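# Structure assessment
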Amino acid sequence: MPEKLPIQAVLAARMKAARKALGLSQAGVGVSMGFPEDTSSARVNRWEVGINKTSLEHAEQLAEVLRVPFPALVARDDRLAAVITGFTMLSKARQEEVWELIEQSLGADRAEEVHERLGKATPKAKAKKKAKDGRF
């Protein structure tokens, strides 16, 4: 998928691909989301072709119905979408092993940066921030 596609277009393309991979109809997806049977197909079709924008709430519901992690539905990079999807298919123990490999590959400082950017500061990052702010 090209890098500069608008996020709604990315979501629409990934939604359609996931729906087809599961062999679901547009109506089936809409009904699974709780929409009335008589309008569900049209509603999903309008999202897929880009006539209507999908709300974040509906995108989360779509992710559940389509069994795709929400972040993968909106990832512009195909590799990232595949990594996110694959990661969620692993056991928790295997996820930990993969994360440790990622941290090793990044190095300590860049791994800390990842945690900080996501608001999940580790004890090392918290101590570093305190020292930077002049608090000990």
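Residues numbered from 1 in each chain as written. Predicted model: local features only at pLDDT ≥ 70, side-chain atom pairs only at ≥ 80, totals over all residues. Heavy atoms only, no water.

### Remarks on the packing of helix α7 (residues 92-106) against helix α8 (residues 108-117)
The contact between α7 and α8 brings their axes to 6 Å, and the two run at 120 degrees. The angle between α7 and α8 places the two elements in the oblique class. On the side of α7, the interface is formed by Trp99, Glu103 and Leu106, while α8 contributes Ala108, Arg110, Ala111, Val114 and His115. (Axes fitted to C-alpha atoms, helices over the stretch in contact; angles between N-to-C directions. Helix = DSSP H or I, 4+ residues; strand = E, 2+ residues; numbered from the N terminus. Parallel < 35°, antiparallel > 145°, perpendicular 65-115°, else oblique. Contact = heavy atoms within 4.5 Å.)

### As for the pattern of salt bridges
A full pass over the atoms with the stated rule returns five salt bridges. One salt bridge in this structure joins aspartate 77 and arginine 79, with 3.6 Å as the shortest N-O distance. For the salt bridge of arginine 117 with glutamate 113, the shortest nitrogen-to-oxygen distance reads 2.5 Å. Of this pair, arginine 117 and glutamate 113 both sit in helix α8, separated by four residues, roughly a single helical turn. (Salt bridge = Lys/Arg side-chain N within 4 Å of Asp/Glu carboxyl O.)

### Brief notes about the confidence of the model for the chain
A residue-level look at the chain finds 89% of positions with pLDDT of 70 or above and a mean pLDDT of 91. Here helix α9 (residues 123-132) is the element of the chain with the lowest mean pLDDT, 68, and helix α2 (residues 26-32) is the one with the highest, 97. (pLDDT = per-residue confidence, 0-100.)

### Some remarks on α8
Every buried residue of α8 is accounted for by Ala111, Glu112 and His115. All buried residues of α8 lie within an arc of 100 degrees about the axis, which places them on one face of the element. In α8, those exposed residues whose orientation departs by more than 90 degrees from the buried face are Asp109, Arg110 and Arg117. One or two steps after α8, the chain reaches glycine 119, where phi turns positive at roughly 70 degrees. (Buried < 20%, exposed > 50% of the residue type's maximum accessible area, 1.4 Å probe, protein only. Arc of directions from axis to C-beta.)

### Quick look at the nonpolar core
Nonpolar side chains tend to gather and get buried jointly when the protein is soluble and globular. Membership of the largest hydrophobic core comes to 18 residues, with the highest contact counts inside it found for Val29, Met33, Trp47, Leu62, Leu66 and Val68. The set of elements that each furnish at least two residues to this core consists of α1 (7-21), α3 (37-49), α4 (56-66), α5 (70-74) and α6 (78-89). Among the elements that make up this core, the one with the highest residue count is α4 (four residues). For leucine 66, the contacting residues outside a window of four places in its chain are Met15, Ala18, Arg19, Leu22, Leu24 and Val29. (Core = buried A, V, L, I, M, F, W, Y, C linked by side-chain atoms within 4.5 Å.)

### Remarks on the side chain of arginine 19
Examined against the element boundaries, arginine 19 turns out to sit in helix α1. For arginine 19, a relative accessible area of 9% puts it in the buried group. For arginine 19, the side chain forms a polar contact with the side chain of glutamate 48, separated by 2.6 Å. Apart from residues lying up to four places away in sequence, arginine 19 is in contact with Leu24, Ser25, Gln26, Val29, Glu48 and Leu66. (Polar contact = N/O pair within 3.5 Å; in protein donor to acceptor, adjacent residues only side chain to side chain.)

### Thoughts on the packing of aromatic side chains
How two aromatic rings sit relative to each other is given by the distance of their centres and the angle of their planes. Scanning the model with the defined rule gives one aromatic pair in all. Between arginine 43 and the ring centre of phenylalanine 35, over which it is positioned, the NZ or CZ distance is 4.0 Å. (Phe/Tyr/Trp six-rings, centres within 6.5 Å; stacked < 30°, edge-to-face > 60°. Lys NZ or Arg CZ within 6 Å of the ring centre and 35° of its normal.)

### Remarks on the packing of α1 against α4
The contact between α1 and α4 brings their axes to 10 Å, and the two run at 25 degrees. Looking at the two axes, α1 sits roughly parallel to α4. The handedness of the crossing between α1 and α4 is left-handed. The segment α1 lies against α4, with Leu11, Met15, Ala18 and Arg19 engaging Ala59, Leu62 and Leu66. Here the residues of the contact of α1 with α4 are counted per class, giving six nonpolar, no polar and one charged. (Left-handed = near helix turned anticlockwise from the far one by under 90°. Nonpolar A, V, L, I, M, F, W, Y, C, P; charged D, E, K, R; others polar.)

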